[in-house]
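The chain contents come next:
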Amino acid sequence: AYRNSDGSEARFCANGTRCAARVAVEVLGCSSSLVVATGWCEIPAQVDGAQVRLRLPAPPAPPRRLDLPGSPPVRDATWLEIGVPHVVVELEKDLGALDLPGVAPLLRRHPALGPAGANVSFFEVTDDGEVTVRSWERGVEAETLSCGSGLVAVALVVMARERRREARLRAASGDLITVEA
């Protein structure tokens with residue numbers, strides 16, 4: 001089980017799964033191809049030094065567009081589940097200037113999302129096609145430098161919209177990841 005900083009349990013954490021896979025290989029001597037059991041499902045992983053690839057299943061339900069009355073005005077809010085629920089919101093510009101603590105908690109706990117709410121990831125697509133992302137995670141109740149499942153959620157939204165098979169995303173940490181369909 002994954003535990004958030006507030007002690008709550010999460011069914012899935014992509015970064016935690018990557019770390020578990022790497023520790024299993026480097027510390028426990030497991031094969032570099034392995035399966036990590038999570039509260040969501042079993043996740044095949046491939047570890048090559050610091051590089052860890054996960055093969056995630058398709059979301060259990062197709063992404064759906066959200067109309068969130070009473071929330072801050074947002075463009076293209078989408079809900080989908082990547083082990084845990086996510087709201088993905090596109091910004092046209094100025095992602096770095098976004099007052100995330102002022103906006104994200106309202107979306108994260110919006111009544112339309114049910115009592116558990118959702119993680120919220122805001123993104124913008126740069127001129128070179130790279131996608132920059134900032135995330136607010138439930139259970140942490142703050143911005144995090146990289147929500148792995150949130151990055152995947154954003155990638156799926158962007159790839160579907162732009163009919164791409166790959167997306168390059170930059171997390172708030174500065175790390176660049178690639179998600180492939």
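What this report covers is the structure whose coordinates are included nearby. Worth saying up front: this structure is predicted, and the values here are computed from it rather than measured.

As for the overall build of the protein chain
- When helices and strands are counted, the protein chain shows three helices and 13 strands.
- Seen along its three principal axes, the alpha-carbon backbone of the protein chain occupies a region of about 50 × 40 × 30 Å.
- For the protein chain, buried positions account for 44% of its 181 residues.
- Sequence-distant contacts, at least 24 apart, represent 49% of the contacts inside the protein chain between residues at least 6 apart.
- As displayed, the protein chain offers around 9600 Å² of accessible surface, 51% of which is attributable to carbon and sulfur atoms.

Quick notes on a nonpolar patch on the surface
- A surface patch of nonpolar side chains, amounting to about 320 Å² of accessible area, comprises Val23, Val27 and Leu28.
- In this fold, Val27 is placed in the loop between helix 1 (14–26) and strand 3 (33–37).
- Overall, Val27 belongs to the exposed group, its relative accessible area being 63%.

Here we look at helix 1
- Between the first and last C-alpha of helix 1 there are 18 Å, a value that for 13 residues agrees with the 18 Å anticipated at 1.5 Å per step.
- Turning to helix 1, its buried residues number three or more, namely Ala14, Thr17, Ala21, Ala24 and Val25. The buried side chains of helix 1 occupy one side of the element, clustering within an arc of 95° when seen end-on.

Some remarks on the nonpolar core
- The biggest cluster of nonpolar side chains holds 22 residues, and the ones touching the most others in it are Ile82, Val88, Phe123, Val131, Val133, Val154 and Leu169.
- For this core, the elements supplying multiple residues, two or more each, are strand 7 (75–82), strand 10 (131–137), helix 3 (148–162) and strand 12 (166–170).
- For this core, the leading source of residues is helix 3, giving eight residues.
- If we ignore the near neighbours within four places in the chain, the residues touching Phe123 are Val88, Val89, Glu90, Leu91, Leu95, Val131, Thr132, Val133, Val154, Val158 and Arg161.

Overview of the layout of surface pockets
- Taken as a whole, the largest pocket holds about 1200 Å³ of empty space.
- What lines the largest pocket is a set of 33 residues, and nearest its centre among them are Arg53, Leu54, Thr178, Val179 and Glu180.
- Within the residue set of the lining of the largest pocket, elements represented by two or more residues are helix 1, strand 4 (42–48), strand 5 (51–54), helix 3 and strand 13 (176–180).
- A per-class count over the lining of the largest pocket returns 20 nonpolar, six polar and seven charged.
- Lining the second largest pocket we find 25 residues, and of these Asn4, Ala10, Phe12, Glu137 and Arg138 sit closest to its centre.
- For the lining of the second largest pocket, the secondary structure elements donating two or more residues are strand 1 (2–3), strand 2 (9–10), helix 1 and helix 3.
- In the lining of the second largest pocket, the residues fall into eight nonpolar, nine polar and eight charged.

Conventions adopted
- Residues numbered from 1 in each chain as written.
- Predicted model: local features only at pLDDT ≥ 70, side-chain atom pairs only at ≥ 80, totals over all residues.
- Heavy atoms only, no water.
- Helix = DSSP H or I, 4+ residues; strand = E, 2+ residues; numbered from the N terminus.
- Buried < 20%, exposed > 50% of the residue type's maximum accessible area, 1.4 Å probe, protein only.
- Contact = heavy atoms within 4.5 Å.
- Areas by Shrake-Rupley, 256 points an atom, 1.4 Å probe, with all protein chains shown as cover.
- Patch = residues over 30% accessible without salt bridge, like charges linked within 9 Å, V, L, I, M, F, W, Y side chains within 5 Å.
- Salt bridge = Lys/Arg side-chain N within 4 Å of Asp/Glu carboxyl O.
- Expected span 1.5 Å × (residues − 1).
- Arc of directions from axis to C-beta.
- Core = buried A, V, L, I, M, F, W, Y, C linked by side-chain atoms within 4.5 Å.
- 1 Å grid on protein atoms, 1.4 Å probe; cavity = no way out; pocket = protein on both sides within 12 Å on 5 of 7 lines; lining within 4 Å.
- Points joined across faces, edges and corners; volume = space filled by probe spheres on them.
- Nonpolar A, V, L, I, M, F, W, Y, C, P; charged D, E, K, R; others polar.

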